[in-house]
Amino acid sequence: MDIAQHLVSKYHAFSRVEENGCSLQAASVSLGLSYRQTLRWWNRYNKASGSLVDFANVKNGRGGHNRLNKDLLQSILDNKKKYPHRSVQHVADSVSEEIAPVSCSTVYRILENADLLGTNEEKEMRVFKRFEASAFGERLQMDTTSGAWMEGYRLIYLIAVIDDHSRMLVGWKWVDSDSAWNNMKVLRAVYEKYGLPQTLYTDNASMFKTIRHNRSIYQKHKQEGYETEIQRCMNELGVTMFSHKPYEPQSKGKVERFFRFVQERFVREHTATSLMELNDQFDKWAVWYNTKHINRTTGMKPKDRRTPNVFTPISSKRKLDSAFSFKSTRKIDKCNTFQFEGSYYTLKNNTSLYNQTVQLESTPLEIRVYKNGTFIQRINRESP
């Protein structure tokens, strides 16, 4: 029998007390116990009749205030064995309703000791292949990192776009919200500067990919029938967009590694107190990263790895304006007015469009109104 050291120490101390070698008070001091605790252990020693093994096994008979009775313990085990799919929370709720209140932490500890939390089968490990685009503009990786990295803001977000071939930071913006519009603004700045890439690689955030499951319980819609605004934008521009498998961020290892580098090198040392200052400081840092920093994988500076270049030039600004906007339709009332996001807007067209449907291209700054592809009016949303 493996007897804990603290029990052996107590046993020897009480043996000396029994032989009048010291008092209980002295034993209490040597053991680091209060006198009240020492009395409990002394009673336990007397029940053991001098046997160390019995001393280790004898219980005080007192029990903790939260000690589980055998029926409750057995109920927890039976519940999990009968319904192995149930979570700890589910088991705790069921037992609390049927027997007596019990906490999740207690249920977890009992199931863990009984080896009932789950199977011990090892997860199948995937073998990943290293991939690198063969040209500048063949694949862009886009992602966002966030943190409480500036006083006065609960969270700030860095939206970044990395070229897979060169590791060049081609687009970025520090913002206070990881919204679809902020991501679209970063992408537009990239496309205006470099042209259209062949592919865009993202994660599974709701702005990039519809997160609705295969079927709605109310309608017969399938996931393939939904399209996010960014997906629609990329389709209009002819850019292939895809995301990695859920819960595998390592698939976008280049941009994830870049974020770690930013946190180590930039976030720890910036002195900005506002988003404007932060973006100004990051602009200078980005120039250093693209022109001075040598990537340890490629052994080159990002700016020196921009060939071959497969970015496609933009044909017109109008194409970008149309793609990088939110599309919707509205019906015009008898006052030549339509309602959009809680506000009313009146068309200045002398011809009544009553009961006709118009197409809207909206941004946070403006609304462009079209009728069957013909431009009608531009509305300034800041001062309508």
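I will try to describe carefully the structure that is included in this document. (Residues numbered from 1 in each chain as written. Predicted model: local features only at pLDDT ≥ 70, side-chain atom pairs only at ≥ 80, totals over all residues. Heavy atoms only, no water.)

## Regarding helix H3 (residues 35-47)
The terminal C-alpha atoms of H3, which comprises 13 residues, lie 19 Å apart, in line with the 18 Å expected from a rise of 1.5 Å per residue. Those residues of H3 that sit buried are Thr38, Trp41, Trp42, Arg44 and Tyr45. Along the axis of H3, the buried residues cluster in a sector spanning 160°; they form a single face. Set apart from the buried face of H3 by more than 90 degrees, the exposed residues are Arg36 and Lys47. (Helix = DSSP H or I, 4+ residues; strand = E, 2+ residues; numbered from the N terminus. Expected span 1.5 Å × (residues − 1). Buried < 20%, exposed > 50% of the residue type's maximum accessible area, 1.4 Å probe, protein only. Arc of directions from axis to C-beta.)

## Considering the packing of aromatic side chains
Tallied over the entire structure, the rule returns 27 aromatic pairs. Considering the side-chain rings of Phe258 and Trp285, the 6.2 Å spacing of their centres and the 55° angle between planes classify their relative orientation as tilted. One end of the pair, Phe258, is in helix H10 (residues 253-267); the other, Trp285, is in helix H11 (residues 275-291), with 27 residues separating them in the sequence. A relative accessible area of 12% means that Trp285 is categorised as buried. In textbook terms, an aromatic cluster arises when at least three aromatic residues are bridged by ring pairs, as seen for Trp149, Trp172, Trp174, Phe258, Phe259, Phe261, Phe266, Phe282, Trp285, Trp288 and Tyr289. In this structure, Lys10 packs its charged tip against the face of Trp41, placed 4.8 Å from the ring centre. The residue whose ring lies beneath Arg86 is Tyr83, and the NZ or CZ to ring-centre distance is 3.8 Å. (Phe/Tyr/Trp six-rings, centres within 6.5 Å; stacked < 30°, edge-to-face > 60°. Lys NZ or Arg CZ within 6 Å of the ring centre and 35° of its normal.)

## Regarding the packing of helix H8 (residues 180-194) against helix H9 (residues 229-237)
Between H8 and H9, the least distance of the axes is 11 Å, while the angle of their chain directions is 20°. It follows from the interaxial angle that H8 and H9 lie roughly parallel. Relative to H9, H8 is oriented so that their crossing is right-handed. Contact with H8, carried on its side by Ala180, Asn183, Met184, Leu187 and Tyr191, involves Ile230, Met234 and Leu237 of H9 and no other residues of that element. Looking at the contact of H8 with H9 residue by residue, the classes come out as 7 nonpolar, 1 polar and no charged. (Axes fitted to C-alpha atoms, helices over the stretch in contact; angles between N-to-C directions. Parallel < 35°, antiparallel > 145°, perpendicular 65-115°, else oblique. Left-handed = near helix turned anticlockwise from the far one by under 90°. Contact = heavy atoms within 4.5 Å. Nonpolar A, V, L, I, M, F, W, Y, C, P; charged D, E, K, R; others polar.)

## So, the pattern of salt bridges
Tallied over the full model, the rule gives 18 salt bridges. Across the pair Arg381 and Glu341 runs a salt bridge whose closest N-O atoms are separated by 2.6 Å. Taken together, the residues span a long stretch of sequence, with Arg381 in the segment after strand E11 (374-380) and Glu341 in the loop between strand E7 (337-340) and strand E8 (343-346) at a distance of 40 residues. Using a relative accessible area of 58% as the deciding quantity, one classes Glu341 as exposed. Through salt bridges with shared partners, a single network forms among Arg318, Glu361, Glu366, Arg368 and Arg378. (Salt bridge = Lys/Arg side-chain N within 4 Å of Asp/Glu carboxyl O.)

## Considerations on the nonpolar core
Judged by nonpolar contacts, the single largest core of 30 residues is most densely connected at Leu187, Tyr191, Leu200, Met234, Leu237 and Phe324. The set of elements that each furnish at least two residues to this core consists of strand E1 (139-147), strand E2 (156-163), strand E3 (169-175), H8, H9 and helix H12 (317-323). At 7 residues, the largest contribution of residues to this core is made by H8. Residue contacts for Leu187: discarding those within four places in its chain leaves Met142, Val161, Leu200, Ile230, Met234 and Phe324. One finds Ile162, Phe258, Val267 and Phe282 within the second-largest nonpolar core, a separate group that totals 21 residues. (Core = buried A, V, L, I, M, F, W, Y, C linked by side-chain atoms within 4.5 Å.)

## Remarks on unusual backbone geometry
The linkage connecting Thr307 with the following residue, Pro308, adopts the cis geometry, with an omega of -5°. Relative to the elements of secondary structure, Pro308 occurs in the loop between H11 and H12. At Glu341, a residue that is not glycine, the phi angle is positive and equals roughly 50°. Its identity is not glycine, yet Asn355 carries a phi of approximately 65°, on the positive side. By secondary structure assignment, the location of Asn355 is in the loop between E8 and strand E9 (357-362).

## Some words on the side chain of Asp321
With respect to the helices and strands, the residue Asp321 is situated in helix H12. A relative accessible area of 16% means that Asp321 is categorised as buried. Those residues within four positions of Asp321 in sequence are excluded, and the remaining contacts are Arg188, Glu361 and Arg368.

That's the geometry; what it means functionally is another story.
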